[in-house]
Amino acid sequence: MNGIEIINLSKTFKNRTAVDALNLSIQQGEMFALLGQNGAGKTTTIKMLSGLLSPTSGDAKLMGNSIVTQTAAVKQIISVSPQETAVAPKLSARENLILIARIYGFSAKDAARKADEMLETFTLTERAKDKAKSLSGGMQRRLSIAMALISDPQILFLDEPTLGLDVRARRDLWKHIEQLKGKITILLTTHYLEEAEALADRIGIMSRGRMQIIGSASEIKEKTGKVTLEDAFLALTEGEEALQ
Amino acid sequence: MKYTAFSSRNAKEIIRDPLSILFGIGFPVILILLMQLMKASIKDMPPEMFQVADFAPGMAVFGLSFITLFLGLLIANDRNSSFLMRLFASPMTGLDYILGYSLPMLPIAILQCAACFLTALFFGLPFSLNTLLAVVVLIPVAVLFSALGLLLGSILSVSQVGGISSLIINVAAWLSGVWFNLDMIGGVFKNICYLLPFAHAVDSVKAAVSGDYGQILPHIAWVMGYALLVYILAIGCFKKRMKS
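Note that the structure is predicted; figures quoted are calculated from it, not measured.

Draft legend 1. Here's a closer look at the state of the cysteines. All names here are of chain B. Scanning the entire structure with this criterion turns up zero disulfides over all chains. Cysteine C113 shares no disulfide, and the gap to the nearest cysteine sulfur, in C116, comes to 6.8 Å. Given a relative accessible area of 2%, C113 falls into the buried group. Given the relative accessible area of 2%, C116 is considered buried.

Printed below as a string of structure tokens:
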């Protein structure tokens, strides 16, 4: 069974098609990067897969559960780390983690234990009692991802996890994300092509709501005849800007 | 029981904002102090003006109107920061959100009312079971202001919530008979005031304080009716927001 199986998934807003008959299979434990320019349909795809938006047509199976008919089951096994840092600002780092664990049904004791584990894993133990709003941008992003992982999800959606971070904080976060490879299924969206190349097992490039190509970074370069992933990306999304 | 973890978080977010405490509890208490000291120092002031048995119930209602501001801002900020997007992808249901946002307002409301009546005791308000009854009568008033906060937070931006909540706080103050007897103006103005729930809220609490039990239900029924209507509207808007 695949971790994620997307079948003819489409989303239309009034007369604009954001995602157009998308088909994609992602294996369990695979890290898949979804690339595309702004408005390509990446975030809409993640929102549909995580039950935040209803598809106009098509379906997707997450660990065998349909996003159309089994939304509650899907929400129990997934987690989302949104594009912007999504933490409760006046709660401490530890309180944020406990809150999410409790929402996913952990007992108070287990939630506290899991929170301490996450603080350790994401090197936030020293700032555990500090309010989330007082943490640096990089630390807030680490906390945001730790909050997404505390429920032991089988599938994790990382929407632009390093957006706005400086180089050091980004590389630091990469290390944490790399440690998740093989353990859970991850769908990652990013604007940073080097991030996709460094982290993902496979990459898909979307343009105008359609998947243009799927493969490893080297396969994409080979198929497009380009030397770099950036050149391949530009070639595959050419003309999109003029249409936007 | 997911709502208990969520409501605990919401209570912390509000209580940890010193401005909430200052405005919600401190402001009505300061007004009671000022008016009663002024009344004591101006010998020619008519005895019925700002009489503590009438003024304290009005201030208790006025204090509760700040709940709309607290709750509206909390929800709008959650939406603004993507925190709600994370939660919408979790197994929490619509009912968990409504209870989670509304329940923390009750202890805050009781604290506000207790502060108002305790201050009034120093200025001659006799303590009796009627004082406790007044606190009970104020619960539907708190529910009404919570519903308004839920509605505003669901449909407006952070800055809009600030503006519209201030308008509601002012309307609740000036059209409820707190500052002047509505019979002094009478006519269409008085009729309009009694079409809104705020004057009924003040009258029901005054009736409780004075032991005029027969007058509680006719007035509090208006408040409960408005609370129910606004809650239905707020829940509809919130659920629509969850799906959009």
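Draft legend 2. Main features of the pairing of strand β7 (residues 155–159) of chain A. All names here are of chain A. For β7, a buried count of five out of five residues is recorded, marking the element as mostly surrounded by other parts of the structure. Neither face of β7 is open: one carries I155, F157 and D159, the other L156 and L158, and all of them are buried. Taken together, the four bridges between strand β6 (residues 78–81) and β7 define a ladder with parallel strand orientation. In the sheet register, I78 faces β7, and the bridge partner there is I155. As judged from the five bridges shared by β7 and strand β8 (residues 185–189), these two strands associate in the parallel manner. Residue pairing for β8: L158 is matched across the bridge by L188.

Draft legend 3. Focus on the packing of helix α3 (residues 52–64) of chain B against helix α8 (residues 129–155) of chain B. All names here are of chain B. The interhelical angle for the contact between α3 and α8, taken along N-to-C directions, is 30°, at an axis separation of 9 Å. When the interaxial angle is binned, α3 and α8 end up roughly parallel. Pair α3 / α8 crosses with right-handed handedness. In this structure, α3 contributes A60, V61 and L64 to the contact, and α8 contributes L138, V141, A142 and F145. Within the contact of α3 with α8, the residues separate by chemical class into seven nonpolar, no polar and no charged.

Draft legend 4. Representation of the sheet that holds strand β5 (residues 65–66) of chain A. All names here are of chain A. With antiparallel pairing, the four strands of this open sheet are ordered in space as β2-β1-β4-β5. Strands at the two margins of the open sheet, each flanked by one partner only, are β2 (16–26) and β5. Across five bridges, the pairing between strand β1 (residues 4–13) and strand β4 (residues 57–62) is antiparallel. Looking across to β4, one finds that E5 is bridged to K61. The strands that helix α1 (residues 42–49) touches are β1, β2 and β4; relative to β1, the one it contacts most, it runs at about 115°.

Draft legend 5. Spatial organisation of empty space enclosed by the protein. Counted under the stated rule, the structure contains one cavity of 30 Å³ or more. When its volume is computed, the largest cavity comes out at roughly 40 Å³. Forming the boundary of the largest cavity are S79(A), I100(A), I103(A), Y104(A), M147(A), R86(B), L87(B) and S90(B). Contributing elements (two or more residues each) for the lining of the largest cavity: α3 (93–103) of chain A together with α5 (83–88) of chain B. By residue class, the composition of the lining of the largest cavity is five nonpolar, two polar and one charged.

Draft legend 6. Highlighting the packing of α8(B) against helix α12 (residues 216–243) of chain B. Residue and element names in this part refer to chain B. Between α8 and α12, the least distance of the axes is 8 Å, while the angle of their chain directions is 25°. Regarding the angle of α8 to α12, the classification is roughly parallel. As α8 runs across α12, the sense of the crossing is left-handed. Grouping the constituent residues of the contact of α8 with α12 by class yields 23 nonpolar, two polar and one charged.

Draft legend 7. Highlighting the interface of chain B and chain A. With 23 residues of chain B at the contact, the number on the chain A side is 30 residues. Carbon and sulfur atoms supply 60% of the area that chain B and chain A bury against each other, a total of about 2,300 Å² over both sides. Of all residues in chain B, R16(B), M85(B) and R86(B) give up the largest surface area on contact with chain A, accounting jointly for 30% of the area buried on that side. At the boundary of chain B with chain A, the tally comes to two salt bridges. Across the salt bridge formed by E95(A) and R16(B), the nearest N and O atoms sit 2.8 Å from each other. Inspection of the region where chain B meets chain A yields seven residue pairs in polar contact (both at pLDDT 80 or more). Mapped by element, the contributors of at least two residues to the side of chain B that touches chain A are α1 (2–15), α5 and α12 of chain B. Counting residues per element, the side of chain B that touches chain A draws most heavily on α1(B), at six residues.

Cut-off values and rules
Each chain carries its own residue numbering, running from 1 in the direction its sequence is written. Going through the entries in the order they are written, you letter the chains from A and number the ligands from 1. Given that this is a predicted model, residues contribute local features only at a pLDDT of at least 70 and side-chain atom pairs are listed and counted only at 80 or more, while totals for whole chains, interfaces and linings are drawn from all residues. Here the side-chain values reflect all heavy atoms present in the structure, with hydrogen atoms and water set aside. Cysteine sulfur pairs qualify as disulfides if the two atoms are within 2.5 Å. Buried residues are those whose accessible area, probed at 1.4 Å on protein chains only, stays under 20% of the maximum for their type, while exposed residues exceed 50% and partly exposed ones sit between those limits. Only runs of H or I of at least four residues qualify as helices and only runs of E of at least two qualify as strands under DSSP, and these elements are numbered from the N terminus. We treat two strands as partners when DSSP finds at least two bridges between them. Note on geometry: axes are C-alpha line fits, over the in-contact stretch for helices, and angles between N-to-C directions span 0 to 180 degrees. Angle categories: roughly parallel below 35 degrees, roughly antiparallel above 145, roughly perpendicular from 65 to 115, and oblique for all the rest. Take the far helix as your reference; a near helix turned counterclockwise from it by less than a right angle gives a left-handed crossing, and one turned clockwise gives a right-handed crossing. It only takes one pair of heavy atoms within 4.5 Å for two residues to be counted as in contact. Residue polarity is assigned by list, with Asp, Glu, Lys and Arg as charged and Ala, Val, Leu, Ile, Met, Phe, Trp, Tyr, Cys and Pro as nonpolar; anything else, Gly included, falls into the polar class. Using only the protein atoms, space was sampled on a 1 Å grid; points where a 1.4 Å probe fits but cannot get out form cavities, open sets with protein on both sides within 12 Å along at least five of seven lines form pockets, and lining residues are those with an atom within 4 Å of a point. Grid points are joined across faces, edges and corners, and a volume is the space filled by probe spheres set on the points. Put simply, buried area is how much 1.4 Å-probe accessible surface two parts lose in total, over both of them, once they are put together. Whenever a carboxyl oxygen of Asp or Glu lies within 4 Å of a side-chain nitrogen of Lys or Arg, that contact is scored as a salt bridge. Nitrogen and oxygen atoms within 3.5 Å of one another constitute a polar contact, given that in protein one can donate a hydrogen and the other can accept it, and given that sequence-neighbouring residues count only through two side-chain atoms.

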